[in-house]
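In case you want the letters, here they are:
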Amino acid sequence: MDYAALRDKACPNASFFIKSDEVQLPNEYYEVRDSLAYKKLNCLRQKIIHQKDYPVHIYTSAKELGNILLQELISMIKREFPEEGSDLKTSILQRHEAALERHSFTLFQLPNIEQNMEQWKRNGYGLLLITGASGSGTSNNLAVTTKYMREKNPSHRILYYDFESADPTKDLMDDFFAFMQLGENKIPEDEWSMIAIDNASLLDFEQTEMLLD
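Presented here is an overview of the structure given in this document. In this text the structure is predicted, and so the values were computed from the model without any measurement.

Thoughts on the packing of aromatic side chains
One pass over the full model with this rule turns up seven aromatic pairs. Centre to centre, the rings of Y161 and F163 are 4.8 Å apart; their planes meet at 80°, and the pair counts as edge-to-face. Judged by relative accessible area, Y161 falls into the buried class, the value being 0%. What makes F163 buried here is its relative accessible area of 2%.

A short note on a negative patch on the surface
Taken together, the side chains of D171, D174, D204, E206, E209 and D213 present a region of like negative charge at the surface. In this fold, E206 is placed in helix α8 (residues 205–212).

Some details on the pairing of strand β3 (residues 158–162)
For β3, the buried fraction is high: five of the five residues fall into the buried class. Neither face of β3 is open: one carries I158, Y160 and D162, the other L159 and Y161, and all of them are buried. In terms of strand pairing, β3 meets strand β4 (residues 194–198) through five bridges, oriented parallel. Within β4, the residue paired with D162 across the bridge is D198. Of the crossover connections in this fold, the one passing from β3 over helix α7 (residues 172–180) to the parallel β4 is right-handed.

Focus on unusual backbone geometry
One non-glycine residue, D34, lies in the positive phi region at around 70°. Tracing the backbone through its elements, the reader meets D34 in the loop between β1 (16–19) and α2 (36–50). The exposed category is assigned to D34, whose relative accessible area is 57%.

Things to note about the nonpolar core
Membership of the largest hydrophobic core comes to 13 residues, with the highest contact counts inside it found for M117, M149, Y160, M194 and A196. Of all the secondary structure elements, the ones that give two or more residues to this core are α4 (88–104), α5 (113–123), α6 (138–152), β3 and β4. Considering each element in turn, this core owes the most residues, four residues, to α6. For M149, the contacting residues outside a window of four places in its chain are M117, K121, I158, W192 and M194. Listed in part, the twelve residues of the second largest apolar core include A166, M173, M180 and L203.

About the thresholds
Residues numbered from 1 in each chain as written. Predicted model: local features only at pLDDT ≥ 70, side-chain atom pairs only at ≥ 80, totals over all residues. Heavy atoms only, no water. Phe/Tyr/Trp six-rings, centres within 6.5 Å; stacked < 30°, edge-to-face > 60°. Buried < 20%, exposed > 50% of the residue type's maximum accessible area, 1.4 Å probe, protein only. Patch = residues over 30% accessible without salt bridge, like charges linked within 9 Å, V, L, I, M, F, W, Y side chains within 5 Å. Areas by Shrake-Rupley, 256 points an atom, 1.4 Å probe, with all protein chains shown as cover. Salt bridge = Lys/Arg side-chain N within 4 Å of Asp/Glu carboxyl O. Lys, Arg positive; Asp, Glu negative; His and termini not counted. Charge placed at Lys NZ, Arg CZ, Asp CG, Glu CD. Helix = DSSP H or I, 4+ residues; strand = E, 2+ residues; numbered from the N terminus. Pairing = 2+ DSSP bridges. Right-handed = clockwise from strand over helix to strand, strands pointing away. Core = buried A, V, L, I, M, F, W, Y, C linked by side-chain atoms within 4.5 Å. Contact = heavy atoms within 4.5 Å.

Right under this line is the structure:
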């Protein structure tokens, strides 16, 4: 709780749920009073209650907690994927931008990204491939890289597409082409641009060849 949300206040979605003192449980569910664990837990509880960045809910029963959790999850989904004012084009863009935000959230330092990307751009390489085993942080690395390049090159077109966020009713490459054909994503011919593509490992051999072409 402390490292993921309270310390840096960088977590996009966080809520806290605390059992009311009115609810009594068997003694084995409590830390020994005045023990170090008891003091640490109480300190964390007070820190959560008195912070103003995330909502704090006090519940008195498991049923009440379930209802609060449901409403919080629905609110988070609506904030990330708003219904009003969204057309097809907007929903396509939002899907991939939401993936970018999820994948770029990290508590770890990612060394050398800045110098590596600046060198890659200076050398004029066309393709940069980030590889690694599942769960090793390739998506996180690519997302952080994309946000860094957008910050350093605000006047250039830098796109982010995630095959894991593709429309499940479409062929993967058809969805990618639909994304690239949006007016906002048109790549200018006379200036440097970048397309970051995540989860390309979902493609089969023919799709991969098509993507590279």
